[in-house]
Amino acid sequence: MNMLHQHDLHTCHLSLHRHRQRGGKEGQVLHRSKRGWVWNQFFVIEEYTGPDPVLVGRLHSDVDTGTGNIKYILSGEGAGTIFVIDDKTGNIHATKTLDREEQAQYTLTAQAVDRHTNKPLEPPSEFIVKVQDINDNPPEFLHGPYYARVPEMSNVYTSVIQVTATDADDPTYGNSARLVYSILQGQPYFSVESQTGIIRTALPNMDREARQEYNVVIQAKDMGGHMGGLSGTTEVKITLTDVNDNPPKFPLTVYQMSVSEDKVPGEEVGRLMAKDPDLGENGQVNYRFVDGDGMGVFELSTDSETKEAIIKLKKHVDYENKRLYTLKVEGSNPHIDPRFLAWGPYKDEATIKISVEDADEPPVFMAPSYTFEVEENAPAGTVVGRVHAKDTDVAVNPIRYMIPQYTDIERFFSINSEDGLITTAKPLDRETQAWHNISVSATEIGGHHQDTKVRVNIRVKDVNDNPPELANNNNEVFMCESANVFAPVIQSIQTISAVDKDEMGHRQHFTFSLAPEVAHNHNFSIKDNRDSTASVVVLRKGFSRLTQDIYHLPIEINDNGLPAMSSTNTLTIRVCSCDTKNTILSCNVEPYVLPAGLSTGALIAILACIVILLAIVVLFVALRRQKKEPLIVFEEEDIRENIITYDDEGGGEEDTEAFDIATLQNPDGANGFLPRKDMKPEFQYPMRPGSGRPAANSVDVDDFIKTRIAEADSDPTAPPYDSIQIYGYEGRGSLAGSLSSLESVTTESDLDYDYLQSWGPRFKKLADLYGAKDCYANDGDGGEDC
């Protein structure tokens, strides 16, 4: 076999060896198989770019005599495309440029055959063509760019980050893949280890506040860093993180501030801030007062956004009392790094001087409110009290007083505008208004006309100017007419009390007595119980409601005040009918006012006249029916239509059952029966048994009308006049009942009409007519006679 390596052609011969060996039996010839090919590896340089194909090597067999009878055949990876063979000489050429990074070796198969018969002269055998590496790939940082963080003030050689580059060349052949790291940018702050790529700090005390970010460029070079090697770079962004290495510092030692005396607590006075270049909690500053005469007047807080100290007013300041306050403020870091304690202290102090500015303030009253007293009924001009205000400004302007009208609408009071003296403008009445709440305004004359108001409460003191009166529930007393039959002669029937619009004193009480004009009556008396109450006492028996049902008893009440006031009040005593248990059944509501002008006979005569009038109406209707003639000569008017309107009087449900108007207009055509109008019917239906016509002097009009209705209903020839029917059905279906008084007539002449006495004064005349049978003389007790 021939082999070409690096443009030198080496021929490798295939030798045919025949060996005879004696075997296990004598005379037996053993043949060893022929080994026709002896191979070495072939090599071809990658990335060859010459004009001619590259000779990889040469194949040669021992059986080749040079006559051209042997044909060489090549098969396997890239045979015929990448690698071609001269079938006569066995030379192998590479027709394309090879890249080791794409494929490092190729496996091929060689075979020698007879050119004419294609019979194998040698058994096929494999061989390998390796692509020899050259330095054609630079190092690459596959994970760049890099970002790293390292605390400020770190020690020298503190590890920051490790960078790594890769090289696609063969690391086992030569120095093509042996990398060396170096720093191109970032010195003298950082360094890099040449073999590992670890970046470290190179300077001590790197300060974030001076510089926070660094851009470092790292290079990786192959061939061990020697000349001719390829290189690649990457960028590393390194940020210094913050540590608390800076104490807070106030820009000024003394701060000047001012506040007006008219400011209210809570308003801002000023701000200051201690500078700390650190970040986050390392730069946090807490503020507090440590000294000064304004620690109780001002307060301190921190703005969460701006980190400023805010000075606010805590109490009112007064220019006239104190004009300057001094405060000392401390700003300190709450979070301290122990590594940098020696760089402290981590706090600072500043002095604040706050001056108070003068303001035109309104007048100030000497008291927050005033309370005065004045007697009721005092004449106009009576002194109530005095209010006083002063101007607290340096100018001390005079004050003018006034009462705003909306606080004293009725103008009960007036005030002296110069000295604040309040007087009454008209008499006061405690019973109308016991307290008067007004306001007084004080305005300074000059300046900005500042004003202020104060509350003035005026109590109206009571004077005994109202007489006592009976309590509202003590105006009437009810007693049973039979309650005294078995009782003692002197009996208490009611306890009465009094009221007084005036205030009752501690020892003041009411006394009761009868008025002088009835002091010696024989019916009732008053017993003073000495506890501002009195008992009504009955002095005799035998009270009768029929004799006299109402007694008026004048009572004199004294309040025992200074001066004493008294009044006379009339107590009404009503005599009532009661049951055996003395339970009141009925009482007259009011005294009788109707005169007894009608007797029982006169009332009976009036009722008899009413009955006669009704009988005349009924007879008139009966005669009209017999004559068959209209009652009115105007035939175009049918008066019977107007009869229906009487049905509206009752307002009952049976009003809807009125006769059809067509039937009234043509009564003869009802039910198809048309009687002759020029003939009086001879046949009359007999009256119902037991329905005889009542006597003329009978007062039972209801039975009389019902009888007439029955006769009309049973007569088929009679027209359906409803004039008779109306009186029987007047309001009978109404929920309110009939409005007629005809049904109340009875034939009894000895009824008990005592109930008329409980109907009130409007029925007094009837009650006197029917209810009172005997008259009694006036006995001088104040009651009324019949």
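Residues numbered from 1 in each chain as written. Predicted model: local features only at pLDDT ≥ 70, side-chain atom pairs only at ≥ 80, totals over all residues. Heavy atoms only, no water.

1. Details of the overall build of the protein chain
Consideration 1: When helices and strands are counted, the protein chain shows 6 helices and 43 strands.
Consideration 2: Buried residues in the protein chain amount to 38% of all 786 residues.
Consideration 3: Considering only residue pairs separated by 6 or more positions, the protein chain has 67% of its internal contacts joining residues 24 or more positions apart.
Consideration 4: As displayed, the protein chain offers around 45700 Å² of accessible surface, 51% of which is attributable to carbon and sulfur atoms. (Helix = DSSP H or I, 4+ residues; strand = E, 2+ residues; numbered from the N terminus. Buried < 20%, exposed > 50% of the residue type's maximum accessible area, 1.4 Å probe, protein only. Contact = heavy atoms within 4.5 Å. Areas by Shrake-Rupley, 256 points an atom, 1.4 Å probe, with all protein chains shown as cover.)

2. Considering the confidence of the model for the protein chain
Consideration 1: With 75% of its residues at a pLDDT of 70 or more, the protein chain has an overall mean of 77.
Consideration 2: Across residues 1–38, confidence stays below pLDDT 50; counting only partners more than four residues off in sequence or on other chains, it has 89 contacts.
Consideration 3: Across residues 724–731, where pLDDT falls below 50, the model places 20 contacts with residues more than four positions away in sequence or in other chains. (pLDDT = per-residue confidence, 0-100.)

3. Some thoughts on the pairing of strand β18 (residues 231–241)
Consideration 1: In terms of strand pairing, strand β12 (residues 146–151) meets β18 through 6 bridges, oriented parallel. Considered in β18, the bridge of tyrosine 146 is made with valine 236.
Consideration 2: Pairing of strand β17 (residues 213–221) with β18 involves 9 bridges; the strand directions are antiparallel. Among the inter-strand pairings, valine 216 is bridged to a residue of β18, identified as valine 236. (Pairing = 2+ DSSP bridges.)

4. Focus on helix α4 (residues 701–714)
Consideration 1: Here α4 spans 20 Å end to end across 14 residues, near enough to the 20 Å set by a 1.5 Å rise per residue.
Consideration 2: Along α4, the residues that are buried comprise Val701, Asp702, Phe704, Ile705, Thr707, Arg708, Ile709, Ala710 and Glu711. (Expected span 1.5 Å × (residues − 1).)

5. Brief notes about the packing of aromatic side chains
Consideration 1: Taken as a whole and judged by the stated rule, the model has 14 aromatic pairs.
Consideration 2: Ring geometry for phenylalanine 190 and tyrosine 214: centres 5.5 Å apart, planes at 75°, overall edge-to-face. Here phenylalanine 190, found in strand β15 (residues 190–192), pairs with tyrosine 214, found in strand β17; they are 24 residues apart in sequence, far enough to count as distant. For the residue pair phenylalanine 190 and tyrosine 214, the accessibility class agrees, reading buried in each case.
Consideration 3: Plain terms: the ring middles of phenylalanine 250 and tyrosine 255 are 6.5 Å apart, the flat faces sit at 75° to each other, and that makes the pair edge-to-face. The same class applies to phenylalanine 250 and to tyrosine 255, which are both buried.
Consideration 4: Here lysine 322 stacks its cationic end above the ring of tyrosine 325, 5.2 Å away from the centre of that ring. (Phe/Tyr/Trp six-rings, centres within 6.5 Å; stacked < 30°, edge-to-face > 60°. Lys NZ or Arg CZ within 6 Å of the ring centre and 35° of its normal.)

6. Overview of the pairing of strand β11 (residues 125–132)
When a strand is regular, its side chains alternate between the sheet's two faces.
Consideration 1: Pairing geometry for strand β5 (residues 42–45) and β11, over 4 bridges, is parallel. Across the sheet, phenylalanine 43 pairs through a bridge with lysine 130, a residue of β11.
Consideration 2: Pairing geometry for strand β10 (residues 105–114) and β11, over 6 bridges, is antiparallel. Directly across from alanine 110, in β11, lies its bridge partner serine 125.

7. A look at the sheet that holds strand β22 (residues 298–302)
Consideration 1: Taken in spatial order, the 3 strands line up as β20-β23-β22 in an open sheet, and their pairing is antiparallel. With partners counted over all chains shown, the strands left at the sheet margins are β20 (268–272) and β22, one partner each. Strand after strand, the sheet turns through a mean of 25° between neighbouring axes, direction not considered.
Consideration 2: Bridge count for β20 against strand β23 (residues 309–313) is 4 bridges, and the pairing is antiparallel. Residue pairing across strands places glycine 270 opposite isoleucine 311, the latter belonging to β23. (Axes fitted to C-alpha atoms, helices over the stretch in contact; angles between N-to-C directions.)

8. A short note on unusual backbone geometry
Consideration 1: The linkage connecting glycine 144 with the following residue, proline 145, adopts the cis geometry, with an omega of -5°.
Consideration 2: Structurally, proline 145 is set in the loop between β11 and β12.
Consideration 3: In this chain, glutamine 187 is followed by proline 188 through a cis amide linkage whose omega measures 5°.
Consideration 4: Residue position: proline 188 is located in the loop between β14 (180–185) and β15.
Consideration 5: One non-glycine residue with positive phi stands out, namely asparagine 205, at about 55°.
Consideration 6: With respect to the element layout, asparagine 205 can be found in the loop between β16 (198–201) and β17.
Consideration 7: Backbone geometry places methionine 223, a non-glycine residue, at a positive phi of 60°.

9. A word on the state of the cysteines
Consideration 1: Counted under the stated rule, the structure contains 2 disulfides.
Consideration 2: Each sulfur of the disulfide joining cysteine 480 and cysteine 578 lies 1.9 Å from the other. When the S-S torsion is -90°, as for the bridge of cysteine 480 with cysteine 578, the disulfide is left-handed. Highlighted residues: cysteine 480 in strand β36 (residues 476–480) and cysteine 578 in strand β42 (residues 566–578), separated in sequence by 98 residues.
Consideration 3: Note on cysteine 480: relative accessible area 6%, which makes it buried.
Consideration 4: Between cysteine 576 and cysteine 587 runs a disulfide, and the two sulfur atoms are separated by 1.6 Å. What sets the handedness of the cysteine 576 and cysteine 587 disulfide is the S-S torsion sign, and at about 120° it is right-handed. Remark: cysteine 587 occurs in the loop between β43 (584–586) and α1 (600–627) and cysteine 576 occurs in strand β42; sequence separation between them is 11 residues. Each member of the pair, cysteine 576 as well as cysteine 587, is classed as buried. (Disulfide = S-S within 2.5 Å.)

10. Some points on the sheet that holds strand β13 (residues 159–162)
Sheets are built from strands paired through backbone hydrogen bonds, the pairs being either parallel or antiparallel.
Consideration 1: Spatial ordering of the open sheet is given by β13-β16-β15, a layout of 3 strands whose pairing is antiparallel. The sheet is open, and its two edges are formed by β13 and β15, each paired on a single side. With direction set aside, neighbouring strand axes in the sheet form an average angle of 25°.
Consideration 2: Where β15 and β16 come together, 3 bridges link them in antiparallel fashion. Counted as the bridge partner of valine 192 is isoleucine 199 from β16.

11. Section: a nonpolar patch on the surface
Consideration 1: A cluster of nonpolar residues, Ile606, Leu607 and Ile610, forms a patch on the protein surface that exposes about 230 Å² of accessible area.
Consideration 2: Relative to the helices and strands, isoleucine 610 is located in helix α1.
Consideration 3: The exposure class assigned to isoleucine 610 is partly exposed, which follows from its relative accessible area of 36%. (Patch = residues over 30% accessible without salt bridge, like charges linked within 9 Å, V, L, I, M, F, W, Y side chains within 5 Å. Salt bridge = Lys/Arg side-chain N within 4 Å of Asp/Glu carboxyl O.)

12. A short note on the side chain of aspartate 500
Consideration 1: Mapping aspartate 500 onto the fold places it in the loop between β37 (491–499) and β38 (511–514).
Consideration 2: Every residue in contact with aspartate 500, bar those within four places of it in the chain, is listed here: Asn464, Asn466, Pro467, Pro468, Phe510 and Asp559.

13. Things to note about the pattern of salt bridges
Consideration 1: A complete count under the given rule lists 19 salt bridges for this structure.
Consideration 2: Where glutamate 373 meets arginine 459, a salt bridge forms, and the shortest distance between an N and an O atom there is 3.2 Å. Within this pair, whereas glutamate 373 is found in strand β27 (residues 369–375), its partner arginine 459 is found in strand β34 (residues 451–461), the two being separated by 86 residues in sequence.

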